[in-house]
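Observations on the three-dimensional arrangement
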Amino acid sequence: MKKKIIVLGLLSSMIVGTIAGCGSSNTNTVTSSTENSNNMETTEDATVEESSDASEEITVEDDSDTASDSKVLVVYYSASGNTAQVADYIAEETSADTFELVPEEIYTDADLNWTDRDSRVSREHDDESLRNVSLVNATPDNWDDYDVVFVGYPIWWGIAAWPVNQFITSNDFSGKTVIPFCTSSSSGLGQSGELLEDMAQTGEWMEGQRFSSGASKEDVTNWVEGLSF
């Protein structure tokens, strides 16, 4: 963001002399005030009370940025809609693009019934070889353009839901800041973010955040506002 400095008035110094036959003197009064608002704009006013003085305006521009210019992407897999809602909140707060991870074989409600030992997720949990879930598309368009990538997922048995895995292994995160987030009814973030980082082997990964099912927009926004990237 550019900072603009404005100087009003031409500062002058007067030498008061004594002229023969004239006993009067002329005194100049200089009033200066400095106003600083949120470290974004600094204005200095200097006024010389002298009828013969001209005024001029000098503008100095500083091109240093005070806000992030990072291009942000929010990537997520959502089984029941909770993670999608959090992803939307993040995208709104950061003006980010979004990319949903969609399995080629969509999980039905019956597939997601973890209390059924014969359901799809239960079988995948018991047999890791079944967790290689193929996605409709694993790489977002213009992937190289993004500087910051949020990665969202539900927690399944204490780890990131495995439909996220193909996205992680299919892409190079070099030069990107990666921020995981998850949703769950009771489980915490655990080591899910660290395990994804190990899987990716590239990127600068930040500590993630867990949100409860049905997390409020305020909770998500407060977390995002506290991040630095």
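Small disclaimer: the values here were computed from a predicted structure and weren't measured.

Another point: the overall build of the protein. Scanning the protein for helices and strands turns up 5 helices and 11 strands. Relative to all contacts within the protein whose residues are 6 or more apart in sequence, the contacts with residues 24 or more apart total 75%.

Moving on, we get to a negative patch on the surface. A cluster of like negative charges, contributed by E194, E197, D198, E204 and E207, occupies part of the molecular surface. Top element by residues in the negative patch is helix α4 (residues 192-200). It accounts for 3 residues. Note on placement: E207 falls in the loop between β10 (204-205) and β11 (209-212). A relative accessible area of 70% means that E207 is categorised as exposed.

Next up on the list: the environment of D198. Mapped onto the secondary structure, D198 falls in helix α4. Under the relative-accessibility criterion, D198 is labelled exposed at 54%. Each C-alpha atom of the pair D198 and I168 lies 9.9 Å from the other, and the pair is 30 residues apart in sequence.

Okay, the packing of helix α1 (residues 82-94) against helix α5 (residues 217-225) next. As a packed pair, α1 and α5 sit with axes 9 Å apart at the nearest point and diverge in direction by 50 degrees. Comparing the axis directions of α1 and α5 gives the class oblique. Read as a crossing pair, α1 and α5 show a hand that is right-handed. Every residue of α5 that contacts α1 at V86, Y89, I90, E92, E93 and T94 is listed here: K217, V220, T221, W223, V224 and E225.

Let us look at the pairing of strand β9 (residues 177-184). Of all 8 residues in β9, 8 are buried, a share of seventy percent or more. Every second residue of β9 is oriented toward a common face, with T177, I179, F181 and T183 on one face and V178, P180, C182 and S184 on the other, all of them buried. The sheet contact formed by β9 and β10 spans 2 bridges and is parallel. The partner of V178 across the bridge, within β10, is W205. Relative to β11, β9 runs parallel, the two sharing 4 bridges.

For the structure on display, the rule yields 6 salt bridges. Here D97 ties to K71 by a salt bridge, and the two come within 3.6 Å at their closest N and O atoms. With D97 in strand β6 (residues 97-100) and K71 in the loop between β4 (57-62) and β5 (72-76), this pair connects stretches of sequence that are 26 residues apart. D97 sits in the partly exposed class, given a relative accessible area of 32%. Among the residues examined, K71 registers a relative accessible area of 36% and is labelled partly exposed. Through salt bridges with shared partners, one network takes in D111, R120 and E124.

A word on the confidence of the model for the protein. Summary statistics for the protein give a mean pLDDT of 79 and a share of 70% for residues scoring 70 or more. Low confidence marks residues 1-67, where pLDDT is under 50. Its contacts with residues over four positions away, or in another chain, come to 76 contacts.

Rules and cut-offs
Residues numbered from 1 in each chain as written. Predicted model: local features only at pLDDT ≥ 70, side-chain atom pairs only at ≥ 80, totals over all residues. Heavy atoms only, no water. Helix = DSSP H or I, 4+ residues; strand = E, 2+ residues; numbered from the N terminus. Contact = heavy atoms within 4.5 Å. Patch = residues over 30% accessible without salt bridge, like charges linked within 9 Å, V, L, I, M, F, W, Y side chains within 5 Å. Areas by Shrake-Rupley, 256 points an atom, 1.4 Å probe, with all protein chains shown as cover. Salt bridge = Lys/Arg side-chain N within 4 Å of Asp/Glu carboxyl O. Lys, Arg positive; Asp, Glu negative; His and termini not counted. Charge placed at Lys NZ, Arg CZ, Asp CG, Glu CD. Buried < 20%, exposed > 50% of the residue type's maximum accessible area, 1.4 Å probe, protein only. Axes fitted to C-alpha atoms, helices over the stretch in contact; angles between N-to-C directions. Parallel < 35°, antiparallel > 145°, perpendicular 65-115°, else oblique. Left-handed = near helix turned anticlockwise from the far one by under 90°. Pairing = 2+ DSSP bridges. pLDDT = per-residue confidence, 0-100.

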